[in-house]
Amino acid sequence: MKHFWQAFAKNRLAVAGGAVVLLLVVLALLAPLLAPADPHRPDVHNMLGAPSAKHPLGTDQLGRDVLSRMLYGSRVSLAVGFVSVGIAAAIGIVLGALAGYRGGLVDATIMRLVDLMLVFPRFFLLLAVLAFLRPSIWTIMAVIGLTGWMGVTRLVRGEFLALKEREFVLWSQAVGAAGFRVVWRHILPNAMAPVLVAMTLGVPAAILTESGLSFLGLGVQPPFATWGNILNEGKDAIEIAWWLSFYPGLAILVTVLSYNLLGEGIRDALDPRLRQSRRLAASRG
Amino acid sequence: MLWYALRRLVLALPLLIGITFISFAVIHLAPGEPVDLQAGNMNAKSSAQARQLLREMYGLDQPIAVQYWNWLGRIARLDFGRSFAPDGRPVLHKIGERLPVTLMLNIAELLIIVALAIPIGMASATRQYSLFDKVTTVFVFIGFATPDFWLALLLMILFGVELGWLPISGLRSLNWEYMSGWRQQGDFLSHLVLPILVATFGGLAGFSRYMRQSMLEVIRQDYIQSARAKGLSERVVIGKHALRNAMLPLVTILGLSLPGLIGGSVIVESIFAIPGMGQLMVQAVFERDYPVIMGNLVIVAVITLVANLLADIAYGVVDPRIRLGGRGRR
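Residues numbered from 1 in each chain as written. Chains lettered and ligands numbered in written order. Predicted model: local features only at pLDDT ≥ 70, side-chain atom pairs only at ≥ 80, totals over all residues.

Right, let's get into the overall build of chain A. Looking only at helices and strands, one finds 13 helices and zero strands in chain A. When its C-alpha atoms are laid out on the principal axes, chain A stretches across 75 × 45 × 30 Å. A sequence separation of at least 24 residues applies to 71% of the contacts in chain A between residues at least 6 apart. (Helix = DSSP H or I, 4+ residues; strand = E, 2+ residues; numbered from the N terminus. Contact = placed C-beta atoms within 7 Å.)

With that out of the way, let us pick up the overall build of chain B. The helix and strand inventory of chain B stands at 12 helices and zero strands. Reading the helices (α) and strands (β) of chain B from amino to carboxyl end gives α-α-α-α-α-α-α-α-α-α-α-α. Expressed as a percentage of the 330 residues in chain B, the buried residues total 38%. Long-range pairs, those at least 24 residues apart, make up 72% of the contacts in chain B with a sequence separation of at least 6. (Buried ≥ 20, exposed ≤ 12 C-beta atoms within 10 Å, placed from the backbone.)

A few words now on the environment of Leu-309 of chain B. All names here are of chain B. Examined against the element boundaries, Leu-309 turns out to sit in helix 11 (residues 290–318). Separated by 197 residues in the primary sequence, Leu-309 and Ile-112 have C-alpha atoms spaced 21 Å apart. What Leu-309 contacts, discounting residues up to four positions off in sequence, is Arg-8, Leu-9 and Ala-12.

Taken together, the 45 residues of chain A in the interface contact 49 residues of chain B. Put simply, the parts of the chain that give the side of chain A that touches chain B at least two residues each are helix 5 (104–119), helix 6 (122–132), helix 10 (179–216), helix 11 (227–235), helix 12 (242–270) and helix 13 (272–283) of chain A. It is helix 6 of chain A that provides the largest number of residues to the side of chain A that touches chain B, a total of 10 residues. Here the residues of the side of chain A that touches chain B sort into 28 nonpolar, nine polar and eight charged. (Nonpolar A, V, L, I, M, F, W, Y, C, P; charged D, E, K, R; others polar.)

Bringing the packing of helix 11 of chain A against helix 12 of chain A into the picture now. Residues and elements named next belong to chain A. Relative orientation of the contacting elements helix 11 and helix 12 amounts to 155 degrees, with a least axis distance of 8 Å. Considered as vectors, helix 11 and helix 12 are oriented roughly antiparallel to each other. Once helix 11 is placed against helix 12, the crossing between them reads as left-handed. Here helix 11 contributes Trp-227, Ile-230, Leu-231, Glu-233, Gly-234 and Lys-235 to the contact with helix 12, which in turn contributes Leu-244, Ser-245, Pro-248, Gly-249, Ala-251 and Ile-252. (Axes fitted to C-alpha atoms, helices over the stretch in contact; angles between N-to-C directions. Parallel < 35°, antiparallel > 145°, perpendicular 65-115°, else oblique. Left-handed = near helix turned anticlockwise from the far one by under 90°.)

The next point concerns unusual backbone geometry. Non-glycine residue Leu-78 of chain B carries a positive phi angle of around 60 degrees. Summarising the element assignment, Leu-78 of chain B is placed in the loop between helix 3 (64–76) and helix 4 (91–126).

Turning to helix 7 (residues 137–146) of chain A, a few remarks are in order. Every buried residue belonging to helix 7 of chain A is among Ile-140, Met-141, Val-143, Ile-144 and Gly-145 of chain A, and all of these are buried. Buried-residue contacts for helix 7 of chain A involve helix 4 (66–102), helix 6 and helix 10 of chain A.

Compared with an ideal rise of 1.5 Å per residue, which puts 15 residues at 21 Å, helix 5 (residues 131–145) of chain B spans 22 Å between its outermost C-alpha atoms and is within 8% of the ideal. Within the span of helix 5 of chain B, buried status applies to Thr-136, Val-140, Gly-143 and Ala-145 of chain B. Buried residues in helix 5 of chain B make contact with helix 12 of chain A together with helix 4 and helix 7 (181–218) of chain B. (Expected span 1.5 Å × (residues − 1).)

Next up on the list: the environment of Lys-2 of chain A. Here Lys-2 of chain A is to be found in helix 1 (residues 2–10). Here the alpha-carbon distance between Lys-2 of chain A and Val-195 of chain A, two residues 193 residues apart in the chain, equals 20 Å.

What follows concerns the packing of helix 2 (residues 12–29) of chain A against helix 12 of chain A. Residue and element names in this part refer to chain A. Relative orientation of the contacting elements helix 2 and helix 12 amounts to 130 degrees, with a least axis distance of 7 Å. Classed by the angle they form, the pair helix 2 and helix 12 counts as oblique. Crossing handedness for the pair helix 2 and helix 12: left-handed. Residue-level contacts link Leu-13, Ala-14, Ala-16, Gly-17, Gly-18, Val-20, Val-21 and Leu-24 of helix 2 to Val-254, Thr-255, Ser-258, Tyr-259, Leu-261, Leu-262, Glu-264 and Gly-265 of helix 12.

This part covers the confidence of the model for chain B. All names here are of chain B. Per-residue confidence for chain B gives a mean pLDDT of 80; residues scoring 70 or more make up 87%. Within chain B, helix 12 (residues 320–324) has the poorest average pLDDT of any element, 64, and helix 4 the best, 90. Confidence drops under a pLDDT of 50 for residues 32–44, and excluding neighbours within four residues, the segment shows 15 contacts in the predicted structure. In the model, residues 326–330 has pLDDT below 50 throughout and makes five contacts with residues more than four positions away in sequence or in other chains. (pLDDT = per-residue confidence, 0-100.)

Another aspect to go through is the environment of Gly-203 of chain B. All names here are of chain B. Along the chain, Gly-203 falls in helix 7. C-alpha separation for the pair Gly-203 and Val-114, spaced 89 residues apart in sequence, amounts to 9.4 Å. Not counting chain neighbours up to four residues away, the residues in contact with Gly-203 comprise Glu-109, Ile-113 and Leu-261.

This brings us to the confidence of the model for chain A. The pLDDT averaged across chain A works out to 83; a share of 94% of its residues lies at or above 70. Throughout residues 276–285 of chain A the model reports pLDDT below 50, and contacts reaching past four residues in sequence, or to other chains, amount to 25 contacts.

Take a look at the structure:
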């Protein structure tokens, strides 16, 4: 662990990414305290107002303060990122552990399912599912999570295949530990490092997907602000109010960039061995 | 080689059945409870009617196995039903007129990405830690993090609104019919510049990164050392021996990133108002035009599967080891 912190601290970009991630979490948590105005209160006297002292990032078509809307929007992005990655990781760990530990037909079936899901263009699948469900923050979290577990499954399966032949596992089996106990106490903890890295890198991917859906108008619905739907409303006014389109996009870029730097930093610091497995996982989508 | 291709083809069959199965499962998401009329800007006025139509089309009151079998039979006959839209045209016609646009965009995009990513990746790998390498690394991280719809909006503001150099919507200008042949071509191409620029941006970042990584690994191998020891020029060593080996993983990655690229056309087509599959999909979702949604889903998935298959076969062509045995790309 000490080695990890030393290696991590040396990577200045990763530390900077981590700091920004922390800052974003704090901003999202404190949004109600920090927001200069009510994000839902319209102001007919100041519609599409340019950035000013009172409204640092300007106002939108209804005169609502863009900075406040973005602060509240960051809560949506964060929540969707964490929850959907949590769902994906839970599914991935269970399926990957099953496939890797059991092997045989179970493994073959699960891996065919992974192949199948990887062939599906995910965005089309998301749209099709959302057409049948009512879009809300919950459905968005669920569908992003349910269509994003394949990478973790492959990672966990690979770790299990390697770990289940190791001596400490064979030994615990030899002294009569039950299958579940072997998996839970002995293999899984040792397989978690790459999963944590994959999860850190999964959050920004989920944030990008959510903002893309919201941008199309199929994500979290107005009046709730998200970075994606502020952009969606802003695009109709790009000729007169660039700030409506510019700042939310910049926020997404900075967020995604920071998470990526943090994730790659953790990966490199954890273990040189992981560079290999992570790269393969990334290449598998 | 033929055997190899045939084997891949047979292995793709379960995936094909899986695709229909997942699509079938999606139909069954159709809400049993009434769709909420206040569901934001979703058009739900026709949902009761739509559900009735769905029930008739797919026979939702029959046993599941019977439903699936019937649905599979219809798909096999390429019968996707008729659109719920007022024009009521067959789904296949609607998709058919949009498919070429999306295919053309994606193929152009792919060619540009590959043509640029390989030299960029090679240059930054052979000059690791040089200024060029550092600049491309920054570009890669920015490219990964930039939302494509935001990039599209910024480019529209810059080139479309401020400078007025490029058109920002559709594939043709309003006065297209009155242009001469060459002007028409030019007009068409100028409409493609921004969409293709946006669509290639993120992909280019990823691919040049993979190419760099792959090249870095290859040039550390023993056979590269021995090629140098033989006295071959650096150009031959890198351009021939290293390049061929470094491109192998790229073929796999190409196949695997196809779903993402095709999915990306949804956003690009929506923003630039390009009449392709992606735009059709978004319109259909807003109008709850279920037959069009299902048709789109199945056809896009099958196209991706076929493209993956081609990538697999291409991998067999470039890497003879794969053909002889083992389980393809694993």
